[in-house]
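Chain residues, written in single-letter form:
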Amino acid sequence: MKISHFSSVESYTQLFASLPPRQPSFIFNNATLTRCTDSSIDLLVFIISKCSHASIRQSIRRTWANTRLLHKFDAHQRVKLLFLVDNDSTSTERLVLEHAHHGDIVQVANLPQQYEYVTQREAAIYAFVHERCSQTRLVFKTDDDIFVNTFLLLTVTPALIS
C-alpha cells in the first residue's frame, strides 16, 4: 500500500486489518518453569536457545557460563543463568529432563521456532523478568551461538548497577 492511499478512514482500517495480530500473553511451560527464589540477583544472563540445542547448552554451562567458576571469580555478585527455549513438541520430554537436572530452562509454550520471532523472544524475556524475577538488577541477553567473556562482564557490572 502506498502512502498516497491513506486518504480515508477506510484505507487506515484496511492497513490495520492487514497487520499481524498482537502477540498474546506468553504462556510459560509449567514443567520447565524456573523460579527466581534468590532475594537479589545482580546479573541475570538469559541465553536464547533452540529446543534441539541441548549439547550447545551443556557446553555453555561447562565453559563461559559456569556459575561455580563465576562465583569463585567474584563471590560478591549474585549471577543467575537461564536459557529461553522455544516450543518444539518433539523435544519436550528431553527438555523437562534437562530442566529437572539443571533447573535453568524457561520454555515459552506459545513461541514458534522460526527466527522471525526474535522480537517476541526478547519480549518473553522481559515479561519473565518482570513477572517472576523482579529482584534482578541487570539482565544480559545473548544467543547460544555467541561466546561471552563473562569474567570481563563481571568486572563492569558493579559500575552498571550502582
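Every chain is numbered on its own, with residues counted from 1 as its sequence reads. Where totals are concerned, whole chains, interfaces and linings use all residues; where local detail is concerned, this predicted model gives features only for residues with pLDDT of at least 70, and gives and counts side-chain atom pairs only at 80 or more. Heavy atoms throughout the structure, all of them, feed into the side-chain values; hydrogens and water do not.

Digging into the sheet that holds strand E4 (residues 139–143)
Right, so step 1: Read from one edge of the open sheet, four strands run E3-E2-E1-E4, paired in parallel fashion. Two strands close off the open sheet at either side, each with one partner strand: strand E3 (105–107) and E4. Neighbour to neighbour, the strand axes of the sheet diverge by 25° on average, direction disregarded.
Right, so step 2: By the bridge criterion, seven bridges tie strand E1 (residues 43–49) to strand E2 (residues 79–85) in an arrangement that is parallel. Residue pairing in the sheet places Val-45 in a bridge with Leu-81 of E2.
Right, so step 3: This element, helix H4 (residues 92–102), spans E2 and E3 of the sheet and lies at about 145° to E3. Pairs of strands are assigned from DSSP output, requiring at least two bridges between the strands. Think of it this way: any DSSP run of H or I at least four residues long counts as a helix, any run of E at least two long counts as a strand, and we number them from the N terminus. In this analysis, axes come from line fits to C-alpha atoms, helices being fitted only over the stretch in contact, and the angle between any two N-to-C directions falls in the range 0 to 180 degrees. Contact definition: two residues touch when any of their heavy atoms are within 4.5 Å.

Some details on the packing of aromatic side chains
Right, so step 1: For Phe, Tyr and Trp, where Trp contributes only its six-membered ring, two rings pair if their centres lie within 6.5 Å, and the inter-plane angle classes them as stacked under 30 degrees, edge-to-face over 60, or tilted in between. Applying the stated rule across the entire model yields two aromatic pairs.
Right, so step 2: Their ring planes at 90° and their centres at 5.8 Å tell us that Phe-46 and Phe-128 sit as a pair that is edge-to-face. Of this pair, Phe-46 sits in strand E1 while Phe-128 is found in helix H5 (residues 118–132), placing the two residues 82 residues apart along the sequence.
Right, so step 3: Burial classes: relative accessible area under 20% of the type maximum marks a residue as buried, over 50% as exposed, and values in between as partly exposed (1.4 Å probe, protein chains only). The exposure class assigned to Phe-46 is buried, which follows from its relative accessible area of 0%.
Right, so step 4: Its relative accessible area of 0% is what places Phe-128 among the buried residues.
Right, so step 5: With a centroid separation of 5.1 Å and 70° between ring planes, the pair formed by Phe-73 and Phe-151 is classed as edge-to-face. Residue Phe-73 is located in helix H3 (residues 67–73), and its partner Phe-151 is located in helix H6 (residues 150–161); the two are separated by 78 residues in the primary sequence.
Right, so step 6: Phe-73 sits in the partly exposed class, given a relative accessible area of 44%.

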